[in-house]
Amino acid sequence: MAIDTTRAAGSEFSPDNPAPLIEPPRTRTPHSPRATRTNFELYGWLFMRLSGIVLVILVLGHLLIQLVLDGGVSKISFAFVAGRWASPFWQVWDLAMLWLAMLHGGNGLRTIINDYAQNDDTRFWLKALLYTATVFTVLLGTLVIFTFDPNIR
Amino acid sequence: MATPTLDKPAGAEAGADHLVTVTFRIRRFNPEVSDQASWQDFELAIDPKERVLDGLHKIKWEIDGTLTFRRSCAHGVCGSDAMRINGRNRLACKTLIKDIAVLKDGRGTKPITVEPIQGMTVLKDLVVDMEPFFQAYRDVLPFLITEGNEPSRERLQSPADRARFDDTTKCILCAACTSSCPIYWSDGQYFGPAAIVNAHRFIFDSRDEAAERRLEILNDRDGVWRCRTTFNCTDACPRGIEVTKAIQEVKRALVTRRV
Ligand code: SF4
Ligand code: FES
């Protein structure tokens, strides 16, 4: 929290004109967060570890199939994607990847915002933006995977 | 200088060929003079087997009596002189000059930097406000809690039970770990490694009966889940406590709900 330390030239700090005081962290003020008594952070932490492990398999497999095997990236076309999504296996694969990657990344960014946003308003708006983007991407992706029609022209 | 310093006894430097010349570059801050901190260099002739604390004493007693720092025992027991020396948190009283200065022809090639520990409000020079640190410490109930009648004899414990928390009994509350933690730096709300170490000391004590309460406290937003396993705390601890491991053990106890 920025604190204004500018002052008129020549006004030395003294007992009568003390230097600005910074409120130390963890002092109990009316704004101190209340204890929540939930396991939310515990589950968040566990989710990060587990989804991370699953994502390694899902994403590396995805990259291998899309970019390396069978002619590499040049084979990717509408027909290729349509062919894969004809199988429920790849639908589930892509759906799991979408959800896990978005929630994993979203939770990671939430942590970073909590750490580095100093101002309550900044924190609120950054999180609002993050949650909107996450929900939007997850819903749109899910919709596409389930309503995909290989016959559109 | 306004504050008196000791008069130098005549001939004190005689026969001083074992001494080396090193520069101490110290982060000075005096809120009554300026709201900005600044670096000040002091050149000293000092025995390389002396400690950084001896260098600070020499400066305070012989060169500039206004230099302000905390120390009490001077032997690594009280935990009052944790400071950032050459960019790392250490106890000034346990850090030898020869171990941190690169010496060439009896001179240090680079200055030894000494700063206050990070993440807490600097009050003056190397003295920081430790209140938030001790507030977090008090918050984890760092004392024995039992129920029922007092036993008429001592509370017995097997060597194996004692060994579970042996490491975390060694903490001297110097704050080297907490003030090296980037999560603590960010907003100062995180309990910090030292508080968790001292919670661990009682959570895993078979004689104590309030493990649940402490785990509940550390399960909150600013508890153990903010730990990012950076290992800065383990590197910083002058007592060699495996701080990150202790934090992980608390996390595991929370996940499995078993102490
Ligand atoms: S755990 Fe180590 S570094 Fe942290 S306060 Fe205790 S003694 Fe100091
Ligand atoms: S002065 Fe007591 S630990 Fe260094």
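- Where an unreviewed UniProt entry is consulted, chain B appears under the name Fumarate reductase iron-sulfur subunit, with the organism given as Streptomyces hoynatensis.
- Quoted straight from UniProt, the Sequence similarities (unreviewed entry) entry for chain B says "Belongs to the succinate dehydrogenase/fumarate reductase iron-sulfur protein family."

- Per an unreviewed UniProt entry, chain A is named Succinate dehydrogenase, and its organism is Streptomyces hoynatensis.
- The heading Subcellular location (unreviewed entry) in the UniProt record of chain A holds the text "Membrane".

### A look at the packing of aromatic side chains
- Enumeration according to the criterion identifies eight aromatic pairs over all chains in this entry.
- An angle of 80° between the planes, with centres 4.9 Å apart, marks the rings of phenylalanine 89 of chain A and tryptophan 90 of chain A as edge-to-face.
- When the ring of tryptophan 90 of chain A is compared with that of tryptophan 93 of chain A, the centres are 5.2 Å apart and the planes differ by 50°; the resulting orientation is tilted. Placement of the pair is tryptophan 90 of chain A and tryptophan 93 of chain A together in helix H3 (residues 88-116), with a separation of three residues, close to one helical turn.
- Taken together through their ring pairs, the aromatic side chains of Phe78, Trp85 and Phe148 of chain A make up a single cluster.
- Above the ring of tryptophan 90 of chain A, the side-chain terminus of arginine 84 of chain A is found at 4.5 Å from the ring centroid.
- Stacked on the ring of phenylalanine 202 of chain B, the Lys or Arg arginine 201 of chain B has its end atom at 4.2 Å from the ring centre.

### Details of the side chain of aspartate 81 of chain B
Residues and elements named next belong to chain B.
- Positionally, aspartate 81 belongs in the loop between helix H1 (52-63) and strand E3 (82-85).
- At a separation of 2.9 Å, a polar atom in the side chain of aspartate 81 contacts the main-chain amide nitrogen of cysteine 93.
- Excluding residues within four positions of it along the chain, aspartate 81 makes contact with Leu53, Arg70, Arg71, Arg90, Leu91, Ala92 and Cys93.

### Here's the deal with the side chain of histidine 200 of chain B
Residue and element names in this part refer to chain B.
- Tracing the backbone through its elements, the reader meets histidine 200 in helix H6 (residues 193-203).
- Given the relative accessible area of 3%, histidine 200 is considered buried.
- Side chain to side chain, histidine 200 and threonine 168 meet in a polar contact 2.9 Å long.
- With sequence-adjacent residues up to four places away left out, histidine 200 is seen in contact with Arg164, Phe165, Thr168, Ala246, Glu249 and Val250.

### Examining the pattern of salt bridges
- Under the definition given, this model contains 24 salt bridges over all chains.
- Arginine 228 of chain B is the partner of aspartate 115 of chain A in a salt bridge, and the nearest nitrogen-oxygen pair spans 2.9 Å. A residue pair is termed interchain when its members come from two chains, as with aspartate 115 of chain A in helix H3 and arginine 228 of chain B in the loop between helix H7 (211-218) and helix H8 (232-236).
- Assessed through its relative accessible area of 34%, arginine 228 of chain B is described here as partly exposed.

### Re the layout of surface pockets
All names here are of chain A.
- Here the second largest pocket is characterised by a volume of approximately 290 Å³.
- As for the second largest pocket, its lining consists of 14 residues, and the residues nearest its centre are Phe40, Leu103, Gly106, Asn107 and Tyr131.
- The set of elements that each furnish at least two residues to the lining of the second largest pocket consists of helix H1 (40-68), H3 and helix H4 (120-147).
- Looking at the lining of the second largest pocket residue by residue, the classes come out as nine nonpolar, four polar and one charged.

### Focus: the site of ligand 1
Residues and elements named next belong to chain B.
- By nearness alone, 13 residues border ligand 1, and Cys171, Cys174, Ala175, Cys177 and Cys237 come closest of all.
- Under a 2 Å grid-point criterion requiring more than half of the atoms, the pocket assigned to ligand 1 is the second largest cavity.
- Residue classes in the shell around ligand 1 are distributed as 12 nonpolar, no polar and one charged.

### Looking at the UniProt feature "transmembrane region" (unreviewed entry) in chain A
- The UniProt entry lists residues 42-65, 85-103 and 124-148 of chain A under the feature "transmembrane region" (unreviewed entry), expressed in the numbering used here.
- Overall, residues 124-148 of chain A shows 96% helix and 0% strand. The separation of its end C-alpha atoms is 35 Å.

### Regarding the domain arrangement of chain B
Residue and element names in this part refer to chain B.
- The domain architecture assigned to chain B consists of domain 1 (20-127) and domain 2 (130-148 + 159-256).
- For domain 1 versus domain 2, the distance between C-alpha centres works out to 28 Å.
- Between domain 1 and domain 2, roughly 1,200 Å² of surface is buried when both sides are summed, and carbon and sulfur atoms account for 58% of that area.
- Between domain 1 and domain 2 we count four residue pairs in polar contact (both at pLDDT 80 or more) in total.
- At the level of secondary structure, the elements contributing two or more residues to the side of domain 1 that touches domain 2 comprise E3 and strand E4 (88-91).
- When residues in the side of domain 1 that touches domain 2 are grouped by element, the largest group, three residues, is from E4.
- Class assignment for the residues of the side of domain 1 that touches domain 2 results in six nonpolar, five polar and four charged.

About the thresholds
Residues numbered from 1 in each chain as written. Chains lettered and ligands numbered in written order. Predicted model: local features only at pLDDT ≥ 70, side-chain atom pairs only at ≥ 80, totals over all residues. Heavy atoms only, no water. UniProt positions renumbered as here; feature names shortened; annotations may be inferred. Phe/Tyr/Trp six-rings, centres within 6.5 Å; stacked < 30°, edge-to-face > 60°. Helix = DSSP H or I, 4+ residues; strand = E, 2+ residues; numbered from the N terminus. Lys NZ or Arg CZ within 6 Å of the ring centre and 35° of its normal. Polar contact = N/O pair within 3.5 Å; in protein donor to acceptor, adjacent residues only side chain to side chain. Contact = heavy atoms within 4.5 Å. Buried < 20%, exposed > 50% of the residue type's maximum accessible area, 1.4 Å probe, protein only. Salt bridge = Lys/Arg side-chain N within 4 Å of Asp/Glu carboxyl O. 1 Å grid on protein atoms, 1.4 Å probe; cavity = no way out; pocket = protein on both sides within 12 Å on 5 of 7 lines; lining within 4 Å. Points joined across faces, edges and corners; volume = space filled by probe spheres on them. Nonpolar A, V, L, I, M, F, W, Y, C, P; charged D, E, K, R; others polar. Near = heavy atom within 4 Å. Sits in = over half its atoms within 2 Å of the grid points. Domains from an automatic or database assignment. Buried area = accessible area lost by both parts, 1.4 Å probe.

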